[in-house]
Amino acid sequence: MMWSAKKYDFSEEGVAGTPLSVLLASMNPDVSPPTPPHTVAIACGSNLGDRFANIETALRLIEHPGQLLVGMDTAAVSVVNTSFMYETAPMYVTDQPRFANCACLIETNLEPWALLRLLKSIETTVGRVPSIRNGPRAVDLDILLYDSKIIDSRPQDQRESLDNLADEIVVPHPRMAEREFVLRPLADMIPDFVHPVHMRTIRTLLDEALRQPNDDFPMLKVTPFANYPIAETRQLPGICPVPSMGKYWSMHCSNDRPTKVRLMATLNATPDSFSDGSVNNTLSAALSYSVASVQAGADIIDIGGYSTRPGAAFVSPEEECQRVVPVIQAIRSHEDQDIRSTLISIDTFRWEVAEAAVLAGANCINDVYSFTGPEYPLTQASAEHLLKMREVAHKLAVPVILMHSRGDAGSNKDYSQYKGGVQEGVQVELAEKVEAIVRGKGGVRRWFVIVDPGIGFSKTVEANCVLLREARSMTANTRGNLLAGYPQLIGSSRKSFLGAILERPDADKTYWGRKTQPKERGWATAATVACAVQQGASVVRVHDVREMRDVVTVASAIWNY
């Protein structure tokens, strides 16, 4: 029996061109492998060692059952959806480290006992050792739901106790309704699934759990960052190496505001970017900007080698790599530890560049086309591009920033086909791509995704103002919003719509405005950064790090409560 979260019908009126889901479905029209008969929800937790890497390793092993257990050559297991990742306080035994918790949906032909045997083998392989009940562990994998079945392997007269669950199968998990750290991840994926015992939806059970008093460390939603280049890794049979994951960013679950607004420094290693082309396109200049940015408070440096401004010259993937990889390597080999260990994002829409940059030391992929490439409306080539980018991002296990755009940044600005205008249009079009990237076999983990509404890309001046003013609604936890809960990046620094606003006369015509060059729009950028903080953005992408750090600091003191 199959169940999943409700999907938006992207074929409805309003979505331009052929829906992405249709393009993806037509990739292999003659190949229809049988769908595994069971859908299973599995909880994943870890509080020993490299928590996030342990969970990633476990998920990769789940999809290769034949590598661990004899007699599973015909076993089929696919991870088809994941929740956000959370950091949670330990429950029951509180004197232990905090947990990383998440959940996944799998499709499988394994029956419950065979699946349990696989999960126990994975726990051992990752490093779990016997401990006290509810004690610390390298990884913990629990079957939460198995289709809509009610299963209890214990004798009838022993089913009242919850102290005899070891080596038994009890599904749905009997403690699910009291555990926020289980219900939140399930609500990310299947909020409307009806619990077969309690006969209430997961969303309702979560709401009930949240009404209970709780003085523990509040749950945080986290985005882990992989460490590249990989120094040492434990190679396990049949899976790609999993990088260590030390750094992470976090958000409050109670209001989806970040625990800290992060600054992304913009480093264009190009001769023709709209704002600072030819300023940082030498290795020494790029390294100097990186050092100054980190010292001024940048949390991550975004390095790009191909300008997205309208009319920019074509750059081959090889040349793009030649521009960005040496900069990444120079940062990673810097004598100062703070510089050497700073997070790096690669700003590219090409899988070859993304892979080369991450292997050289980048920790994140920032794609202005959300994996579909520059064509608009979307074509079959867009679907092929998405699958290749998704494959690379999945293999590398790095965060991805997915931005809304419509091809050429200066074109395609009409959103009148949407009843909700640009706000609805951006939300629907970006959600279509995010869903295709996160869901299905080989999808990117939900906890690795950061969304960006694409300020300045295929939007009018007024549309950009709307998106800034209503940024919170883009990821608001409202029914039917497929972008609900994702961390959001706002990139408005120095953009041309600010210049257009600055040219306007004031209301009573006592001031007639002025023309500005991009580098003169610092104060205008500051207004948008303050707005982004007020709207709950997790990241702001800026050029002038020191000045915008001041803006973020004061705006956060005002708004982040």
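Residues numbered from 1 in each chain as written. Predicted model: local features only at pLDDT ≥ 70, side-chain atom pairs only at ≥ 80, totals over all residues. Heavy atoms only, no water.

## A word on the packing of helix 4 (residues 180-189) against helix 5 (residues 202-210)
For clarity, the threshold we go by: Lines fitted to C-alpha atoms define the axes, with helix axes restricted to the stretch in contact, and inter-axis angles between N-to-C directions lie between 0 and 180 degrees. Strands are runs of DSSP state E lasting at least 2 residues, helices are runs of H or I lasting at least 4, and numbering of each runs from the N terminus. Left-handed is the label given to a crossing in which the near helix is rotated counterclockwise from the far helix by less than a right angle, and right-handed is the label when the rotation is clockwise. The contact criterion used throughout is that any non-hydrogen atoms of two residues lie within 4.5 Å. Residue polarity follows a fixed list, in which Ala, Val, Leu, Ile, Met, Phe, Trp, Tyr, Cys and Pro are nonpolar, Asp, Glu, Lys and Arg are charged, and the others, Gly among them, are polar.
Contact geometry of helix 4 with helix 5 gives a least axis separation of 9 Å together with a crossing angle of 145°. Here helix 4 and helix 5 pass one another in a crossing that is left-handed. In contact with Glu180, Leu183, Arg184, Leu186 and Ala187 of helix 4, helix 5 contributes Ile202, Leu205, Leu206, Ala209 and Leu210. Of the residues assigned to the contact of helix 4 with helix 5, the class counts are 8 nonpolar, no polar and 2 charged.

## Considerations on helix 15 (residues 522-534)
Convention followed: Given the number of residues in a helix, its expected span is that number minus one, multiplied by 1.5 Å. For each residue, the accessible area found with a 1.4 Å probe, counting protein chains only, is set against the maximum for its type, and the residue is called buried under 20%, exposed over 50%, and partly exposed in between.
Spanning 13 residues, helix 15 covers 18 Å between terminal C-alpha atoms, matching the ideal 18 Å at 1.5 Å per step. Among the residues of helix 15, Gly522, Ala524, Thr525, Ala526, Thr528, Val529, Ala532 and Val533 are the ones counted as buried. Looking at the buried side of helix 15, the elements it contacts are helix 12 (461-469), strand 16 (489-490), helix 14 (496-502), strand 17 (539-542) and helix 16 (545-559). In the segment just after helix 15, Gly536 is the residue with positive phi, at about 90°.

## Regarding the sheet that holds strand 10 (residues 262-268)
Using the following cut-off: Pairs of strands are assigned from DSSP output, requiring at least two bridges between the strands.
Taken together, 8 strands build an open sheet; the order of strands is 15-14-13-12-11-10-17-16 and the sheet is parallel. Each edge of the sheet is formed by a strand with only one pairing partner; in this case those strands are strand 15 (449-452) and strand 16. Running over the sheet, helix 16 touches strand 10 and strand 17 and is turned about 160° from strand 10.

## Let's talk about the packing of aromatic side chains
The cut-off we apply is this: Only centres within 6.5 Å qualify two rings of Phe, Tyr or Trp (six-membered ring in Trp) as a pair; their planes then separate them into stacked at under 30 degrees, edge-to-face at over 60, and tilted for everything else. Lysine NZ or arginine CZ positioned within 6 Å of the ring centre and within 35 degrees of the ring normal marks a charge as sitting over the ring.
Under the counting rule described, the total for this entry stands at 7 aromatic pairs. Among the aromatic residues, those joined into a cluster by ring pairs are Tyr306, Phe314, Phe349 and Tyr369. Lying across the ring of Tyr92, Arg175 places its NZ or CZ 5.2 Å from the centre. Of note, Arg446 hangs over the ring of Phe84, and the distance from its end group to the ring centre comes to 5.8 Å.

## Quick look at the side chain of Thr57
By the secondary structure assignment, Thr57 is in helix 2 (residues 51-62). Beyond its immediate stretch of four places on either side in the chain, Thr57 contacts Val126, Leu236, Ile239 and Val242.

## Topic: helix 11 (residues 421-438)
Side chains of residues three or four places apart in an α-helix project in the same direction, reflecting 3.6 residues per turn. Taking 1.5 Å as the rise per residue, helix 11 with 18 residues should run 26 Å; its terminal C-alpha atoms sit 26 Å apart, in good agreement. Burial of helix 11 is extensive: 16 of the 18 residues sit out of reach of the surface. Phi for Gly440, located one or two positions after helix 11, is positive at around 95°.

## Details of a nonpolar patch on the surface
Formally: Patch definition: residues above 30% relative accessible area lacking any salt bridge, with like charges linked at up to 9 Å and the nonpolar side chains Val, Leu, Ile, Met, Phe, Trp and Tyr linked at up to 5 Å. Accessible surface area values rest on a Shrake-Rupley calculation with a 1.4 Å probe, where residue burial reflects the displayed protein chains alone. A pairing counts as a salt bridge when a side-chain nitrogen of Lys or Arg comes within 4 Å of a carboxyl oxygen of Asp or Glu.
Together, Val554, Ile558 and Trp559 make up an exposed nonpolar region whose accessible area comes to about 290 Å². Inspection of the secondary structure puts Ile558 in helix 16. The class for Ile558 is exposed, based on a relative accessible area of 54%.

## Quick notes on the pairing of strand 1 (residues 38-46)
Strand 1 sits mainly inside the fold: 9 of its 9 residues count as buried. Both faces of strand 1 are covered, namely the face carrying His38, Val40, Ile42, Cys44 and Ser46 and the face carrying Thr39, Ala41, Ala43 and Gly45. Alignment of strand 1 against strand 4 (residues 99-108), held across 9 bridges, turns out to be antiparallel. Across the sheet, Ala43 pairs through a bridge with Ala103, a residue of strand 4. Across 6 bridges, strand 1 lies against strand 5 (residues 140-146) in antiparallel orientation. Counterpart to Cys44 in the pairing with strand 5 is Leu141.

## Section: the environment of Ala362
Mapped onto the fold, Ala362 is located in the loop between helix 9 (351-360) and strand 13 (364-367). Each C-alpha atom, one on Ala362 and one on Ile344, is 4.8 Å from the other, the two residues being 18 residues apart in sequence. Discounting chain neighbours no more than four positions away, the residues touching Ala362 are Tyr228, Ile328, Ile344, Ile346 and Ala357.

## Brief notes about the environment of Gln96
Locating Gln96 in the fold gives a position in the loop between strand 3 (85-88) and strand 4. Separated by 458 residues in the primary sequence, Gln96 and Val554 have C-alpha atoms spaced 36 Å apart. Excluding its chain neighbours within four sequence positions, the residues that come into contact with Gln96 are Asn47, Pro90, Asn134, Gly135 and Pro136.

## Notes on the pairing of strand 15
Note the threshold: A crossover counts as right-handed when, viewed with the strands pointing away from the observer, the path leading from the first strand over the helix to the second turns clockwise.
Burial along strand 15 is two-sided: the face carrying Val449 and Val451 and the face carrying Ile450 and Asp452 are both buried. Across 4 bridges, strand 14 (residues 400-403) lies against strand 15 in parallel orientation. The residue of strand 15 that forms the bridge with Ile401 is Ile450. Assessed by its sense of winding, the connection that carries the chain from strand 14 through helix 11 to strand 15 is right-handed.

## Remarks on unusual backbone geometry
Omega for the peptide link from Val171 to Pro172 comes to 0°, which places this bond in the cis form. Within the secondary structure layout, Pro172 lies in the loop between strand 7 (170-171) and helix 4. A cis amide bond links Tyr376 with the next residue in sequence, Pro377, at an omega value of -5°. In this structure, Asp256 takes a positive phi of about 55° despite not being glycine. Inspection of the secondary structure assignment puts Asp256 in the loop between strand 9 (248-252) and strand 10. The phi torsion at Ser458 lies on the positive side, around 55°, for a residue other than glycine. Locating Ser458 in the fold gives a position in the loop between strand 15 and helix 12.

## Regarding the pattern of salt bridges
Any two side chains of opposite charge can pair if their charged atoms end up close together. A full pass over the atoms with the stated rule returns 29 salt bridges. Put simply, Arg406 and Glu429 hold a salt bridge, and the shortest N to O gap is 2.6 Å. Here Arg406, found in the loop between strand 14 and helix 11, pairs with Glu429, found in helix 11; they are 23 residues apart in sequence, far enough to count as distant. Glu429 shares its class with Arg406; the two are buried. One salt-bridge network, in which partners are shared between bridges, spans Lys120, Glu123, Arg128, Arg137 and Asp140.

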